[in-house]
Amino acid sequence: MTEQTTRKTEQTCPCGSGKPYSLCCQPLHQGVEFAQTAEQLMRSRYSAFVLQLQGYLLQTWAPETRPQDVAFDPAMSWQKLTILEKKKGRVRDQKGWVTFCAEYQAGLQRFKFVEKSRFRKDAQGRWLYVDGEFI
Ligand SMILES: [Zn+2]
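Per-chain numbering applies: the sequence of each chain, read as written, is numbered from 1 onward. Residues qualify for local features only when their pLDDT is at least 70, as the model is predicted, and side-chain atom pairs are given and counted only at 80 or more; totals for whole chains, interfaces and linings, by contrast, use all residues.

Right, let's get into the overall build of the chain. Counting from the N terminus, the helices are the DSSP runs of H or I reaching at least four residues and the strands are the DSSP runs of E reaching at least two. What the chain contains, in helices and strands, is four helices and four strands. What you see for the chain is a C-alpha radius of gyration of 15 Å, in line with the 14 Å of a compact globule of 135 residues. Projecting the C-alpha coordinates of the chain onto the three principal axes gives extents of approximately 45 × 30 × 30 Å. Note on burial: count the other C-beta atoms lying within 10 Å of the residue's C-beta; 20 or more is buried, 12 or fewer is exposed, in between is partly exposed, and C-beta positions come from the backbone. Residue burial in the chain is summarised as follows: out of 135 residues, 25% are buried. Radius of gyration: over C-alpha atoms. The globule rule applied is 2.2 Å multiplied by the number of residues raised to the 0.38 power.

A set of buried Ala, Val, Leu, Ile, Met, Phe, Trp, Tyr and Cys residues, joined to one another through C-beta atoms within 7 Å, is what we call a nonpolar core. Membership of the largest hydrophobic core comes to 22 residues, with the highest contact counts inside it found for Cys15, Ala38, Leu41, Met42, Phe119 and Trp127. Those elements giving two or more residues to this core turn out to be helix H3 (38-51), helix H4 (54-59), strand S2 (95-106) and strand S4 (127-134). It is the C-beta atoms, placed from the backbone, that decide contacts: two residues are in contact if theirs lie within 7 Å. With near-sequence residues (within four places) excluded, phenylalanine 119 lies in contact with Ala38, Leu41, Gly89, Lys95, Gly96, Val98, Trp127, Leu128, Tyr129 and Val130.

A positive phi angle is found at glutamine 52, which is not glycine, with a value near 55°. Here glutamine 52 shows up in the loop between H3 and H4.

This next bit is on the pairing of strand S1 (residues 76-88). As defined by bridge partners, S1 adjoins S2 across eleven bridges and the pair is classed as antiparallel. Its bridge partner lying in S2, leucine 81 is registered against alanine 102. Between S1 and the antiparallel strand that follows it, S2, lie six residues; glycine 89 among them carries a positive phi value of about 75°. Paired strands, as defined in this entry, are two strands with at least two bridges between them according to DSSP.

Direction of pairing for S2 relative to strand S3 (residues 109-121): antiparallel, over a ladder of twelve bridges. The partner of threonine 99 across the bridge, within S3, is lysine 116. The turn linking S2 back onto S3 is made up of two residues, and glycine 107 within it adopts a positive phi angle of 65°. One ladder, built from seven bridges, connects S3 with S4; its direction is antiparallel. Bridged to serine 117 within S4 is glycine 132.

To continue, consider the confidence of the model for the chain. Per-residue confidence from the predictor is reported as pLDDT, a score between 0 and 100. Residues at a pLDDT of 70 or more form 93% of the chain, whose mean pLDDT is 92. Predicted confidence is poor over residues 1-9, with pLDDT under 50, and the contacts of this stretch with residues over four places away or in other chains come to one contact.

A few words now on H3. Expected span of a helix, by definition, is 1.5 Å for each gap between consecutive residues, and there is one gap fewer than residues. If you check H3, its first and last C-alpha atoms are 20 Å apart, about what 14 residues at 1.5 Å a residue would give, namely 20 Å. Within H3, twelve of the 14 residues are buried, leaving the element largely enclosed by the surrounding structure. Among the residues of H3, Ala38, Glu39, Gln40, Leu41, Met42, Arg43, Ser44, Arg45, Tyr46, Ser47, Ala48 and Phe49 are the ones counted as buried. In the core, the buried residues of H3 are packed alongside helix H2 (26-29), H4, S1, S2, S3 and S4.

Laid out in structure tokens, this is it:
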């Protein structure tokens, strides 16, 4: 890998938006901005899994379903996020659903799963992840 491609990989947001990390999920991870839509929160949580940002994942998890901590499996390498379907979850909505496909590599094998995630807004109007079901 040349140095240029290394730098480019570092700068592109892991959520797959094609935008630089600094203009995409980073401001959300740093608490400078908040997700406007359920999809944006979904993307930023996927990037947080890639970057192993436990604090952000817990912060954006609804208290009723939030685990004590988030375990990152070092053998899992996240490869790709694809948003398949959205229901509500827009700026003015209070609830939303996002169906996505996530692909990861473990050892020499590549896996993927499809999940329909449920989101709601908290009292301050910030999006939270509630739970998800595998499809
Ligand atoms: Zn992003």
